[in-house]
Amino acid sequence: MTALSPAERILLSPGIDSPGEIDLEAIAWTRGAVVNYRPLDRCEATIVGSKRRAVITVNGRSPPERRRFSLAHELGHWHHHRGRMLFCGGRDVCNFANGPLDPERQADAFASDLILPNYLLGPRLRRVKQPTLAAAREIAEEYSASLTATLFKMTVLNRFPMIIACHNKKKRRWFEISPMVQPWWFPLDSLDRATFAADMLFNGAAEQTFPRKMPADAWFGFKGCDRFEVEEQSFRLPDDEILTVLKLPDEAVA
């Protein structure tokens, strides 16, 4: 059995065994933190605390899933970075472009494990046949999580040979690959105009209702990739970005 993360140990301590029981305000209170919601202009959330007590303020203007992840993110700071005063902007929270040693990425990892704990999500994924946006949205609703955070966790839990990649109109911002995938399946730096993702981002095309096949050389540059096809499905993010889910062929598995 995989070792439990600090966030998962917090959840298991009171015996939480379903996503509906993950009450973040109650968890914050047990950790010595009071939560306030009010409009914030320059950040998504802040935490100010001493050694034992903290006040977390979350942007009340943000959507519910965003507020939830922001609160969990600040609890991650409270766990990992106690004693600091932190102001977390929109690019700090749920930003998987940050490096693994970045304090914001550490707080995001804690938030991910608190909202989408592996010990609950792993068994849930066994009922998923394909990593589609529809399947991810169903899980996101169950866990009151964002679609991006849900897809990221689905990828790292290594159930499917998949990649998620975020692009803007100039470049790839970040990506995540399932551990089972061979390392040379590395997405290109910029979007090929032949992809469905580019059609959405540059031409305003509608979101696909199901994954569609695409030649692998539209997404990858390794020798021989033109022999394969991938399944592609994308959705729009804020700030003129797009997130793509790529289901890879069996040959991509290590």
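Shown above is the structure to which this text applies.
Residues numbered from 1 in each chain as written. Predicted model: local features only at pLDDT ≥ 70, side-chain atom pairs only at ≥ 80, totals over all residues. Heavy atoms only, no water.

### Some thoughts on the layout of surface pockets
As a volume, the second largest pocket reaches approximately 180 Å³. Taken together, Asn 118, Tyr 119, Gly 122, Pro 123, Leu 125, Arg 126, Leu 157, Asn 158 and Arg 159 form the lining of the second largest pocket. Residue composition of the lining of the second largest pocket, by class: four nonpolar, three polar and two charged. (1 Å grid on protein atoms, 1.4 Å probe; cavity = no way out; pocket = protein on both sides within 12 Å on 5 of 7 lines; lining within 4 Å. Points joined across faces, edges and corners; volume = space filled by probe spheres on them. Nonpolar A, V, L, I, M, F, W, Y, C, P; charged D, E, K, R; others polar.)

### Things to note about the pairing of strand S2 (residues 45-49)
Across five bridges, S2 lies against strand S3 (residues 54-59) in antiparallel orientation. Across the sheet, the residue bridging to Thr 46 is Thr 57, located in S3. (Pairing = 2+ DSSP bridges. Helix = DSSP H or I, 4+ residues; strand = E, 2+ residues; numbered from the N terminus.)

### Let's talk about the pattern of salt bridges
It is possible for side chains bearing opposite charge to pair when their charged atoms get close. What the rule picks out here adds up to nine salt bridges. Among the ionic pairs, Lys 153 bridges to Asp 113, the shortest N-O distance being 3.0 Å. Highlighted residues: Lys 153 in helix H7 (residues 147-156) and Asp 113 in helix H4 (residues 103-115), separated in sequence by 40 residues. Comparing Lys 153 with Asp 113, the two get one shared label, buried. Among the ionic pairs, Glu 142 bridges to Arg 124, the shortest N-O distance being 2.9 Å. In this pair, Glu 142 is assigned in helix H6 (residues 133-143) and Arg 124 in helix H5 (residues 118-125), connecting sequence segments 18 residues apart. (Salt bridge = Lys/Arg side-chain N within 4 Å of Asp/Glu carboxyl O. Buried < 20%, exposed > 50% of the residue type's maximum accessible area, 1.4 Å probe, protein only.)

### Some thoughts on the nonpolar core
Leu 24, Ile 27, Leu 75, Leu 114, Leu 151, Ile 164 and Leu 243 are the most contacted members of the largest nonpolar core, which totals 50 residues. Setting aside chain neighbours within four positions, we find Leu 151 in contact with Leu 133, Ala 136, Met 162, Ile 164, Phe 235, Leu 243 and Val 245. Among the nonpolar cores identified, the runner-up in size contains 25 residues, and Ile 163, Trp 185, Ala 198 and Ala 205 belong to it. (Core = buried A, V, L, I, M, F, W, Y, C linked by side-chain atoms within 4.5 Å. Contact = heavy atoms within 4.5 Å.)

### Re the packing of H6 against H7
Here H6 crosses H7 at 110°, and the two axes come no closer than 9 Å. By the angle class used here, H6 and H7 are roughly perpendicular. Residues Leu 133, Ala 136, Arg 137, Ile 139 and Ala 140 of H6 lie in contact with H7, whose contacting residues are Leu 147, Thr 150, Leu 151 and Met 154. Tallied by class, residues from the contact of H6 with H7 come to seven nonpolar, one polar and one charged. (Axes fitted to C-alpha atoms, helices over the stretch in contact; angles between N-to-C directions. Parallel < 35°, antiparallel > 145°, perpendicular 65-115°, else oblique.)

### Digging into H7
With nine of ten residues buried, H7 is to be regarded as a mostly interior element. Listed as buried for H7 are Leu 147, Thr 148, Ala 149, Thr 150, Leu 151, Phe 152, Lys 153, Met 154 and Thr 155. Directly beyond the C-terminal end of H7, a positive phi value near 65° is found at Asn 158.

### A short note on the sheet that holds strand S8 (residues 229-237)
As summarised here, the arrangement of the five strands in space is S6-S5-S9-S8-S7, forming an open sheet in which the pairing is antiparallel. Each edge of the open sheet carries a strand with a single partner, namely strand S6 (172-177) and strand S7 (212-215). Strand-to-strand, the axes of this sheet are offset by a mean angle of 30°, without reference to chain direction. Packed onto the sheet, helix H8 (residues 196-203) meets strand S5 (162-167), S7, S8 and strand S9 (241-247) and runs at close to 25° relative to S8.

### Some points on the packing of helix H3 (residues 64-80) against H4
Interaxial distance between H3 and H4 falls to 7 Å at its minimum, and their mutual angle equals 115°. The way H3 lies across H4 gives a crossing that is right-handed. Contacts between H3 and H4 involve Arg 68, Phe 69, Ala 72, His 73, Leu 75, Gly 76, His 77, His 79 and His 80 from the former and Pro 103, Glu 104, Gln 106, Ala 107, Asp 108, Phe 110, Ala 111, Ser 112, Leu 114 and Ile 115 from the latter. (Left-handed = near helix turned anticlockwise from the far one by under 90°.)

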